[in-house]
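The chain contents come next:
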Amino acid sequence: MSFVGGNVIFSRIFGKTLLQFDPEFDILNRQKPKTEERRFSYMATELTPNEGKKGVTVIDGVSYQRLPIKTHLITKDDDIVEVAYQYGAPVLTEKDDVLFISEKCVACSQGRAIPLADIHPRKLAVWLSNYVTKTPHGIGLGMPETMEMALQEVGAPRILFAAAVSVIGKKIFRKKGWFYAVAGYKARSIDGPCHNTIPPYNHYVVLGPEKPDEVAKQCAEKLGYRVIIVDINDLEGQILGTSDPSMDRDLYVKILKDNPLGQDNQQTPMGVIRTVTE
């Protein structure tokens, strides 16, 4: 069974959702789109797990599908609400579906991707970045440019206090995670380029998104489905924004803990969480 609408075609074949976007032709009206409309590049894809990722996870006896959605490269020229609708509407088909969106996707649409060449780290940023643990899953604040942006985002006093608490926490309580608990999500969400960053963002520092709860709510109002903004990587995760304050953030962290969107060049910055029913 197939449906058409605007420049979107989507089909249900053997229970699987297929999408196709024609950038030049409005199938329903048999005409070219208006020049001010966003022209999406052609995409025909089946929603399947990313390579090396499980499609279903079981939490407290309940099975959840995590279906990644491939998109075009999101930039400051995009309206994230329209992007969520364009890619999410065709595949949100079950009543309890939830659209989850990467915080980097949201931040890039807000113009919060800063070219490395435009960042001039102060001596404090260079010094502090030397003490950040570096992992293959992301540079975090482990380079002067990302640390400089953290200092600008939350202020030097808070970053210094977070660093002091982190040292005490490790030495006395033998626990990690103190730094970001004090520095907050804006510092935690900052990331720099690494070997698997998609160009041109391999030359950018991406900050955390502004007003993630508000963004999630706006997307949900447009879609008619619940939406969450997530910061998930291969090490940890948190929910930055929800369209409904009653949504269980801890549950969604568990559902997405293994990072189904991937950490490489999958270009799947959003996806659908669907409860599996018998």
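The structure under discussion appears in the preceding block.
In short, a report on the structure. (Residues numbered from 1 in each chain as written. Predicted model: local features only at pLDDT ≥ 70, side-chain atom pairs only at ≥ 80, totals over all residues. Heavy atoms only, no water.)

## Notes on the overall build of the protein chain
Link 1 in the chain: Counting secondary structure elements, the protein chain contains nine helices and 12 strands.
Link 2 in the chain: By sequence separation, contacts in the protein chain at least 24 residues apart represent 65% of the contacts at least 6 residues apart.
Link 3 in the chain: When the accessible surface of the protein chain is split by element, carbon and sulfur atoms take 54% of a total near 14700 Å². (Helix = DSSP H or I, 4+ residues; strand = E, 2+ residues; numbered from the N terminus. Contact = heavy atoms within 4.5 Å. Areas by Shrake-Rupley, 256 points an atom, 1.4 Å probe, with all protein chains shown as cover.)

## What to know about the sheet that holds strand β12 (residues 270-275)
Link 1 in the chain: Strand order across the open sheet formed by six strands is β5-β6-β12-β7-β10-β11, with mixed pairing between neighbours. Two strands in the sheet have a free side with no partner beyond their single neighbour: β5 (56-59) and β11 (237-242). Between one strand and the next, the sheet's axes are offset by a mean angle of 30 degrees, whatever the strand orientation.
Link 2 in the chain: In the packing of helix α8 (residues 212-223) onto the sheet, contacts are made with β7 (98-102), β10 (226-232) and β11, and the angle to β10 comes to roughly 140 degrees. (Pairing = 2+ DSSP bridges. Axes fitted to C-alpha atoms, helices over the stretch in contact; angles between N-to-C directions.)

## Re the pairing of β7
Link 1 in the chain: The buried count for β7 comes to five of five residues, which makes it a mostly enclosed element.
Link 2 in the chain: Of the strand pairs in this sheet, β7 and β10 are connected by five bridges, and their pairing is parallel. Counted as the bridge partner of V98 is R226 from β10.
Link 3 in the chain: Strand direction decides the pairing type here: β7 and β12, joined by four bridges, are antiparallel. By the bridge assignment, I101 is partnered in β12 with M270. (Buried < 20%, exposed > 50% of the residue type's maximum accessible area, 1.4 Å probe, protein only.)

## Re the environment of Y252
Link 1 in the chain: Inspection of the secondary structure assignment puts Y252 in helix α9 (residues 249-255).
Link 2 in the chain: Under the relative-accessibility criterion, Y252 is labelled buried at 7%.
Link 3 in the chain: For the pair Y252 and V98, spaced 154 residues apart in sequence, the C-alpha to C-alpha distance is 9.9 Å.
Link 4 in the chain: With residues near it in sequence (within four places) discarded, Y252 still touches V98, R226, I228, I239, M247 and I273.

## A closer look at the pattern of salt bridges
Link 1 in the chain: Applying the stated rule across the entire model yields 10 salt bridges.
Link 2 in the chain: Across the pair D97 and R274 runs a salt bridge whose closest N-O atoms are separated by 2.8 Å. Placement of the pair is D97 in the loop between α1 (80-88) and β7 and R274 in strand β12, with a sequence separation of 177 residues.
Link 3 in the chain: One salt bridge connects E210 with R112, and the closest N-O pair in it is separated by 3.2 Å. In this pair, E210 is assigned in the loop between β9 (204-206) and α8 and R112 in the loop between α2 (103-109) and β8 (113-115), connecting sequence segments 98 residues apart.
Link 4 in the chain: Judged by its relative accessible area of 31%, E210 is partly exposed.
Link 5 in the chain: Each of R112, E153, K186 and E210 takes part in one network of salt bridges that share partners. (Salt bridge = Lys/Arg side-chain N within 4 Å of Asp/Glu carboxyl O.)

## Details of helix α4 (residues 144-154)
Link 1 in the chain: Burial analysis of α4 places eight of its 11 residues in the buried class, the great majority of the element.
Link 2 in the chain: Three or more residues of α4 are buried, namely E145, T146, M147, E148, M149, A150, L151 and V154.
Link 3 in the chain: Looking at the buried side of α4, the elements it contacts are β8, α3 (123-129), α5 (156-173), α6 (178-183), α7 (185-188) and β9.
Link 4 in the chain: Remark: G155 follows α4 within two positions and exhibits a positive phi of approximately 95 degrees.

## Remarks on α8
Each turn of an α-helix holds 3.6 residues, which means side chains three or four residues apart point in the same direction.
Link 1 in the chain: Taking 1.5 Å per residue as the helical rise, α8 with its 12 residues ought to reach 16 Å, and the 16 Å between its terminal C-alpha atoms agrees with that figure.
Link 2 in the chain: Taken together, the buried positions of α8 are occupied by P212, V215, A216, C219, A220 and L223. Considered in projection along α8, the buried side chains sweep an arc of 135 degrees and stay on one side of the axis.
Link 3 in the chain: At its buried positions, α8 is contacted by α1, β7, α2, α7, β10 and β11.
Link 4 in the chain: Of the residues one or two after α8, G224 is the one with positive phi, at around 80 degrees. (Expected span 1.5 Å × (residues − 1). Arc of directions from axis to C-beta.)

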